[in-house]
Amino acid sequence: MKFEFTSKARTLAIVLFVVGLIGVIAGFATNGAGHHEAAGHEEHATEMTNGDDHGTHEASAHNEGHAEEHGHDAELAHHQQANRPWSALYVNSFFFFCIGLGSMFFLGVQYVARAGWSTGLLRIFEAVAFSMVIPGIVLVVIQVLGMAHIHHMFHWMADGVMDPSSDHYDEIIAGKQGYLNPLFFTLRAAIYLIGWILAAVMIRKNSLKEDEQGGVEFYKKNVRIAAIFTVFFAVTSSTAAWDWIMSIDTHWFSTLFGWYTFAGMFVTALTVLNMLTVYLKEKGYLEWINVNHLHDLGKFMFAFSIFWTYLWFSQFMLIWYSNIPEEVTYYMQRFGEYKLLFFTMVTLNFVFPVLLLMPRDAKRNYALVMFTGIFVLIGHWLDHYIMVMPGTVGPYYGFGLVEISGFIMYTGLFIFVVFRSLAKAPLMQKNHPMILESKYFHQ
């Protein structure tokens, strides 16, 4: 059966996207207005202070140093407040990008493993994989704008931090100049996106040709492409995590961060794939999919939630126990201003999947899978939020117009891209060599 992208669903997707986009634009505009107003009050206060100081020419050097420090703090606060809409957009872009890239990885794994059980689901994996394109481009655009000093999310991009003659020189950041420099950073980002998207396009193209021409030639091509992609992904998923997320907190580093980010990405993608499969099944599509398929998808979702928790605890425990200043500051900030969100995120990402998905029957219960998926998605959105916000906005975080609007915008875009892709081809590949194995899975 071919999926129909109804006019109702299309309208919903467009409305969500437009409403979200308007909200994002309004969020940038209102943040800019408030930012300039605050700057104006600060400048006015400075003028008043200067005007009242005609009789205090004996001000001490200590006071001057204090004023300089205050000026630095004011500049930092100024940048953090201005960063908030950019950071919110970055969080939502990265979250939805992870859904697409994680799905692409799962698709590649099916071909590399020559798995038969998932054949009836491959078109869903293909469709969701394409949802990474626009969020990925937005991420790179935001990074480039940082290099142009439109925002100040990445401290290593600031003027003078790598120049020994500058007042802003930072010895630790300067030591990373060979890796963190605009040319190499942009080149890596381009290689990542081109490689990931090209693999998705090629697998989709061969999949459609297989429908038309039959045989196993295109299946074998996809196996080779998937093998190359998984090796490429194994390296670039970690380096992209270092570049796009860890470099925000430039002084800090973790040898587990690439794996940790991958685990969160993969759980998020698996959760969306579970929920989308349930939705299509409930709508009367996917008649060849049975509870055994949903059970295996649920097992992946459950298992990698545990894997994510293992990596989270390993990274946290080793850093906290060793108490090395260069490392522990990352968690000190998150334990301070973000403590409630931090532990809420851990609870949602570990406790809910364990309690709700551990029983065998739970993974076969459509309603329970959807219910659990909602909380897992909220938890991993918070995980990405806590990765980005402390290093970019500090105490000036919140859940306002720009955060919510960005999520709504990408939700509409996700529905449009995925449903449009699903509607372009039959949901079951016609000539895949393992169709029967998938249809009669565990029967």
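None of these values were measured; they are calculated from a predicted model.

Student: Run through the packing of helix 3 (residues 122-129) against helix 13 (residues 401-423), naming residues and quoting values.
Tutor: Where helix 3 contacts helix 13, the two axes come as close as 8 Å, and the packing angle between them is 140°. By the criterion of interaxial angle, the relationship of helix 3 to helix 13 is oblique. Here the hand of the crossing between helix 3 and helix 13 comes out right-handed. Only Phe-414, Val-418, Ser-421 and Leu-422 of helix 13 make contact with helix 3, whose side of the interface consists of Arg-123, Ile-124, Ala-127 and Val-128.

Student: Pulling in residues and values, what's your account of the nonpolar core?
Tutor: Core analysis: the biggest nonpolar cluster contains 133 residues, and Tyr-90, Ile-124, Trp-196 and Trp-244 have the highest contact counts within it. Considering each element in turn, this core owes the most residues, 17 residues, to helix 2 (residues 61-112).

Student: Mind laying out helix 6 (residues 182-213), listing which residues take part and the relevant values?
Tutor: Helical geometry: 3.6 residues make up each α-helical turn, so side chains three or four residues apart lie on a common side. With 32 residues, helix 6 should cover 46 Å at 1.5 Å per step; its first-to-last C-alpha distance of 46 Å lies within 8% of that length. At the C-terminal side of helix 6, Gly-214 shows a positive phi close to 75°.

Student: How would you sum up the side chain of Ser-405? Please name residues and give values.
Tutor: In this structure, Ser-405 sits in helix 13. Once residues lying within four places of it in the same chain are set aside, the contact partners of Ser-405 are Gly-20, Gly-23 and Val-24.

Student: Describe the side chain of Ser-438, listing the residues and the values that go with them.
Tutor: Positionally, Ser-438 belongs in helix 14 (residues 435-439). Of the polar contacts made by the side chain of Ser-438, one reaches the backbone oxygen of Trp-117; its length is 3.0 Å.

Student: Give me the packing of helix 9 (residues 291-322) against helix 10 (residues 325-336): which residues, what numbers.
Tutor: Look at helix 9 against helix 10: their axes get within 9 Å of each other, and the N-to-C directions meet at 105°. Our classification of the angle between helix 9 and helix 10 gives roughly perpendicular. Here Gln-315, Phe-316, Ile-319, Trp-320 and Ser-322 of helix 9 come into contact with helix 10, specifically with Glu-327, Val-328, Tyr-331, Met-332 and Phe-335. The class makeup of the residues in the contact of helix 9 with helix 10 is seven nonpolar, two polar and one charged.

Student: If you had to explain the environment of Val-15 to someone new, which residues and values would you point to?
Tutor: As for its placement among the helices and strands, Val-15 is situated in helix 1 (residues 7-51). On the basis of relative accessibility, which here comes to 43%, the residue Val-15 falls in the partly exposed class. Separated by 416 residues in sequence, Val-15 and Asn-431 have C-alpha atoms that sit 37 Å apart.

Student: Would you mind going over the confidence of the model for the chain in detail, with residue names and values included?
Tutor: In the predicted model, the chain carries a mean pLDDT of 88, and the fraction of residues at 70 or more is 90%. With pLDDT under 50 throughout, residues 36-69 is counted as low confidence; its partners more than four residues away or in other chains account for four contacts.

Student: Tell me about helix 3, residues and numbers included.
Tutor: Where burial is concerned, most of helix 3 is hidden: eight out of the eight residues are buried. Within helix 3, burial applies to Leu-122, Arg-123, Ile-124, Phe-125, Glu-126, Ala-127, Val-128 and Ala-129.

Student: With reference to specific residues and values, describe the environment of Gly-108.
Tutor: Mapped onto the elements of the fold, Gly-108 is located in helix 2. Given the relative accessible area of 0%, Gly-108 is considered buried. Residues Gly-108 and Ile-228 lie 120 residues apart in sequence; the distance between their C-alpha atoms is 9.2 Å.

Student: Mind laying out the packing of aromatic side chains, listing which residues take part and the relevant values?
Tutor: Throughout the structure, instances matching the rule amount to 55 aromatic pairs. Where Phe-342 meets Phe-343, the ring centres are 5.4 Å apart and the plane angle is 90°; that geometry is what we call edge-to-face. Three or more aromatic residues joined by ring pairs form one cluster here, namely Phe-105, Phe-106, Trp-117, Phe-125, Phe-229, Phe-233, Trp-259, Phe-262, Phe-266, Phe-300, Phe-304 and Phe-307. It is Arg-188 that lies over the ring of Tyr-179; its NZ or CZ is 3.7 Å from the centre. It is Lys-363 that lies over the ring of Phe-302; its NZ or CZ is 5.3 Å from the centre.

Parameters and conventions
- Residues numbered from 1 in each chain as written.
- Predicted model: local features only at pLDDT ≥ 70, side-chain atom pairs only at ≥ 80, totals over all residues.
- Heavy atoms only, no water.
- Axes fitted to C-alpha atoms, helices over the stretch in contact; angles between N-to-C directions.
- Helix = DSSP H or I, 4+ residues; strand = E, 2+ residues; numbered from the N terminus.
- Parallel < 35°, antiparallel > 145°, perpendicular 65-115°, else oblique.
- Left-handed = near helix turned anticlockwise from the far one by under 90°.
- Contact = heavy atoms within 4.5 Å.
- Core = buried A, V, L, I, M, F, W, Y, C linked by side-chain atoms within 4.5 Å.
- Buried < 20%, exposed > 50% of the residue type's maximum accessible area, 1.4 Å probe, protein only.
- Expected span 1.5 Å × (residues − 1).
- Polar contact = N/O pair within 3.5 Å; in protein donor to acceptor, adjacent residues only side chain to side chain.
- Nonpolar A, V, L, I, M, F, W, Y, C, P; charged D, E, K, R; others polar.
- pLDDT = per-residue confidence, 0-100.
- Phe/Tyr/Trp six-rings, centres within 6.5 Å; stacked < 30°, edge-to-face > 60°.
- Lys NZ or Arg CZ within 6 Å of the ring centre and 35° of its normal.

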